[in-house]
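Residues per chain are reported as follows:
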Amino acid sequence: MKNKIVGADKLRQVVSRLKNEGKKVVATSGCFDIIHAGHVTYLEEAAAKGDVFVLFLNSDSSVKQLKGDLRPIVPQQERAVVIAGLGCVDYVCIFDETTPCRMIDIIQPDSFIKGGDYEGKWIPEMDATAKYGGNVEYVSMVDGCSTTNIIEKIMRVMKGE
């Protein structure tokens, strides 16, 4: 599992080799703070769109910028281990920015995968992939499955509601 968690330089080398072998490389990104059924469904569907599936994982500092000071619940190294443990994920790379555009520039995946809730909306990943001829594809989302919903339910349980 540890060999699936790689830095940007190592990932660039690996992806370059895989593309030279004719493999379709797809990537996605996210916080993946508390893993739930919606995450797993999303990741399996995303992985099926290519031969090699790379996940750019938001670092703790990046999650704080996106979700607020109380997040993440689970530290980045632990989140990386959990994600890397999923059979559908080939590589995990932690990044510090609020968008994965720098990582997209580095490995240039054939497709970048986003949830269907973004379809029809402009996202920065569109510009990042367009620079080299890549594209953005979308996968379905599981309604009601979110880390926020899980945290809210835990809070209600802790309050005895």
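On a predicted model such as this, the values are computed, not experimentally measured, just so you know.

S.K.: Can you tell me about the sheet that holds strand 2 (residues 52–58), naming the residues and giving the values?
M.R.: A sheet is described by the order of its strands in space; here 5 strands give the open sequence 3-2-1-4-5, paired in parallel fashion. Sheet topology places strand 3 (91–95) and strand 5 (135–139) at the edges, where each strand pairs with a single neighbour. In this sheet, neighbouring strand axes are inclined to one another by 30° on average, regardless of whether the strands run parallel or antiparallel. Bridge count for strand 1 (residues 25–30) against strand 4 (residues 111–115) is 2 bridges, and the pairing is parallel.

S.K.: Residues and numbers for helix 7 (residues 147–158), please.
M.R.: With 12 residues, helix 7 ought to run about 16 Å at 1.5 Å a step, and its terminal C-alpha atoms sit 16 Å apart, in line with that. Positive backbone phi, approximately 80°, marks Gly160, located one or two places after helix 7.

S.K.: An account of the layout of surface pockets is needed here, citing residue identities and associated values.
M.R.: The gaps left among the atoms become clear once a water-sized probe is rolled over them. Roughly 740 Å³ of internal volume is contained in the largest pocket. Lining the largest pocket are 30 residues, and of these Ser29, Gly30, Cys31, Lys67 and Tyr118 sit closest to its centre. Those elements that place two or more of their residues in the lining of the largest pocket are strand 1, helix 2 (37–47), helix 3 (60–67), strand 4, helix 6 (124–130) and helix 7. In terms of residues, the lining of the largest pocket owes the most to one element, helix 2, which gives 3 residues. Taken together, the residues of the lining of the largest pocket sort by class into 12 nonpolar, 12 polar and 6 charged.

S.K.: Which residues make up the state of the cysteines, and what values go with them?
M.R.: Tallied over the full model, the rule gives 0 disulfides. No disulfide involves Cys31; its sulfur sits 15 Å from that of Cys101, the nearest cysteine. Cysteine Cys101 is unpaired, with the sulfur of Cys93 as its nearest cysteine sulfur at 14 Å.

S.K.: Got a sec to walk through the side chain of Glu137? Specific residues and values, please.
M.R.: One can find Glu137 in strand 5. Accessibility expressed as a relative area gives 17% for Glu137, which makes it buried. At a separation of 2.5 Å, a polar atom in the side chain of Glu137 contacts the side chain of Ser111. Dropping the residues within four chain positions of it, Glu137 is found in contact with Lys24, Lys49, Ser111, Phe112, Ile113 and Lys114.

Cut-offs used in this document
Position labels on residues start from 1 in each chain and follow its written sequence. Local features in this predicted model are restricted to residues whose pLDDT is 70 or higher, and side-chain atom pairs enter the listing and the counts only when it is 80 or higher, whereas totals over whole chains, interfaces and linings include all residues. Based on all heavy atoms of the structure, the side-chain values leave hydrogens and waters out of the count. The pairing criterion is simple: DSSP has to find at least two bridges between the two strands. Numbering of helices and strands runs from the N terminus; a helix is a DSSP stretch of H or I covering at least four residues, while a strand is a stretch of E covering at least two. Axes here mean lines fitted to C-alpha atoms, for a helix over just the part in contact, with angles spanning 0 to 180 degrees between N-to-C directions. Given the number of residues in a helix, its expected span is that number minus one, multiplied by 1.5 Å. Here the term cavity refers to a set of points on a 1 Å grid, laid over the protein atoms alone, in which a 1.4 Å probe fits but cannot get out; the term pocket refers to an open set having protein on both sides within 12 Å along at least five of seven lines, with lining residues being those that place an atom within 4 Å of a point. Grid points are joined across faces, edges and corners, and a volume is the space filled by probe spheres set on the points. Note on residue categories: nonpolar means Ala, Val, Leu, Ile, Met, Phe, Trp, Tyr, Cys or Pro, charged means Asp, Glu, Lys or Arg, and polar means any other residue, Gly included. Note on disulfides: each one is a pair of cysteine sulfur atoms within 2.5 Å. Summary of the burial criterion: residues with accessible area below 20% of their type's maximum are buried, those above 50% are exposed, and those between are partly exposed, where the area comes from a 1.4 Å probe applied to protein chains only. Identification of polar contacts relies on pairs of N or O atoms within 3.5 Å, with a donor-acceptor requirement for protein atoms, meaning one able to donate a hydrogen and the other able to accept it, and with residues adjacent in sequence counted only if both atoms are side-chain atoms. Contacts are assigned to residue pairs with any non-hydrogen atoms lying within 4.5 Å of each other.

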